[in-house]
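The chain contents come next:
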Amino acid sequence: MRGRGGRPEGYCHRAMLDAIRYLVDNGIKWRAMPADFPPWDRINAFFRRWRDNSLVKEFHDRLRGRVRKELGRDAEPTAGVIDSQSVKADAVVGTDSRGFDGGKLVNGRKRHVVVDTLGLLLGVTVTAADTGDRTAARVLLVQVADVHHRLELVWADGGYTGSLVAHCLTTLTLVLAIVKRNDDMRGFTVLPKRWIVERLFAHLMRSAVWRATSNAAPPAPKRWSTGR
């Protein structure tokens, strides 16, 4: 704000950010913001200013880099994990943005994510649930590779086999390593690397437990000797 002049901001940035987190976590309308927070229209203007200037993504990327450095890693990752999760959509979600996932029997949307080896988000895209994993991955991996130039290896499950492996190698110079489940396995089994992204999905599904309080936060990532 230096050099722009004008009236100083009247509300604490922490209070504004907590209000935005409260709205996202509880799924309320802007006008339903509790009176404990600043006026809803000021919070909305604050959010739109950050969004329109791409500051939300920038802050997220900065925080990820700081976490990686504090855990002894380079700020930019060289390896990641990709996966998807189908989630039921509310009845008010339009049919043009939802679909039916026949494999998971879910009518809704599907979120496709790429995380680093600590489980920190590198890229995400949301599609209708009937969109194939390989189709979405072609777009998502291009976006992630364009931003994270050091990325050279991505682990994935059997749903990403086929021409996508060769496409990643020739087009993106990216090794897509498939981690398959052994046919002899029975029941729940932790699979190498794939559990990292599954943990992120578990955090997302349980996010309502933490709520938007100043003392509540997801568990910090543990140290793992992945070598990347």
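Because the structure is predicted, anything quoted here is derived from the model rather than measured.

1. Some remarks on the confidence of the model for the chain
In step 1: Averaged over the chain, the pLDDT score is 85; the fraction of residues at 70 or greater is 85%.
In step 2: For the chain, the element scoring lowest by mean pLDDT is helix α7 (residues 207-210), at 49; strand β5 (residues 153-156) scores highest, at 96.

2. Focus on the nonpolar core
In step 1: Grouped together as the largest cluster of nonpolar side chains are 16 residues, with contacts concentrated most on Ile82, Leu141 and Leu176.
In step 2: Those elements that place two or more of their residues in this core are α4 (133-147), β5 and α5 (163-171).
In step 3: If you tally residues by element for this core, the top one is α4, at four residues.
In step 4: Setting aside residues up to four positions removed in sequence, leucine 176 forms contacts with Ile82, Val154, Ala156, Tyr160, Leu164, Val165 and Cys168.
In step 5: Residues Val81, Leu153, Leu191 and Ile196 belong to the second largest nonpolar core, which totals 12 residues.

3. Some thoughts on the packing of helix α1 (residues 13-26) against helix α2 (residues 40-52)
In step 1: Where α1 meets α2, the axes come as close as 10 Å, and the angle between the chain directions of the two elements is 90 degrees. With respect to α2, the axis of α1 lies roughly perpendicular. Of α2, the residues touching α1 (which contributes His13, Met16, Leu17, Ala19 and Ile20) are Arg42, Ile43, Phe46, Phe47 and Trp50.

4. Brief notes about the packing of aromatic side chains
In step 1: In total, this model carries four aromatic pairs according to the counting rule given.
In step 2: For the ring pair tyrosine 22 and phenylalanine 37, a centre distance of 5.5 Å and an interplane angle of 55 degrees mean the geometry is tilted. Of this pair, tyrosine 22 sits in helix α1 while phenylalanine 37 sits in the loop between α1 and α2; the two residues are 15 residues apart in sequence, bridging distant segments of the chain.
In step 3: Residues tryptophan 30 and phenylalanine 47 carry aromatic rings whose centres are separated by 5.9 Å and whose planes lie at 40 degrees to one another, so their mutual orientation is tilted. Of this pair, tryptophan 30 sits in the loop between α1 and α2 while phenylalanine 47 sits in helix α2, placing them 17 residues apart in sequence.
In step 4: The partly exposed category is assigned to tryptophan 30, whose relative accessible area is 23%.
In step 5: Over the ring of tryptophan 155 we find lysine 193; its NZ or CZ atom is 4.7 Å from the centre of that ring.

5. A short note on the layout of surface pockets
In step 1: In this model, the second largest pocket occupies a volume close to 300 Å³.
In step 2: As for the second largest pocket, its lining consists of 14 residues, and the residues nearest its centre are Asp83, Ser84, Lys104, Asp133 and Asp157.
In step 3: Mapped onto the lining of the second largest pocket, the elements with two or more residues apiece are β1 (79-88) and α6 (194-205).
In step 4: Looking at the lining of the second largest pocket element by element, the count peaks at four residues for β1.

6. Things to note about the pairing of β1
In step 1: Of all the 10 residues making up β1, eight are buried; the element is thus mostly covered by neighbouring parts of the structure.
In step 2: Pairing of β1 with β5 involves three bridges; the strand directions are parallel. Its bridge partner lying in β5, valine 81 is registered against tryptophan 155.
In step 3: Pairing of β1 with strand β3 (residues 106-116), which is carried by nine bridges, proceeds in the antiparallel orientation. Looking across to β3, one finds that glycine 80 is bridged to aspartate 116.

Cut-off values and rules
- Residues numbered from 1 in each chain as written.
- Predicted model: local features only at pLDDT ≥ 70, side-chain atom pairs only at ≥ 80, totals over all residues.
- Heavy atoms only, no water.
- pLDDT = per-residue confidence, 0-100.
- Helix = DSSP H or I, 4+ residues; strand = E, 2+ residues; numbered from the N terminus.
- Core = buried A, V, L, I, M, F, W, Y, C linked by side-chain atoms within 4.5 Å.
- Buried < 20%, exposed > 50% of the residue type's maximum accessible area, 1.4 Å probe, protein only.
- Contact = heavy atoms within 4.5 Å.
- Axes fitted to C-alpha atoms, helices over the stretch in contact; angles between N-to-C directions.
- Parallel < 35°, antiparallel > 145°, perpendicular 65-115°, else oblique.
- Phe/Tyr/Trp six-rings, centres within 6.5 Å; stacked < 30°, edge-to-face > 60°.
- Lys NZ or Arg CZ within 6 Å of the ring centre and 35° of its normal.
- 1 Å grid on protein atoms, 1.4 Å probe; cavity = no way out; pocket = protein on both sides within 12 Å on 5 of 7 lines; lining within 4 Å.
- Points joined across faces, edges and corners; volume = space filled by probe spheres on them.
- Pairing = 2+ DSSP bridges.

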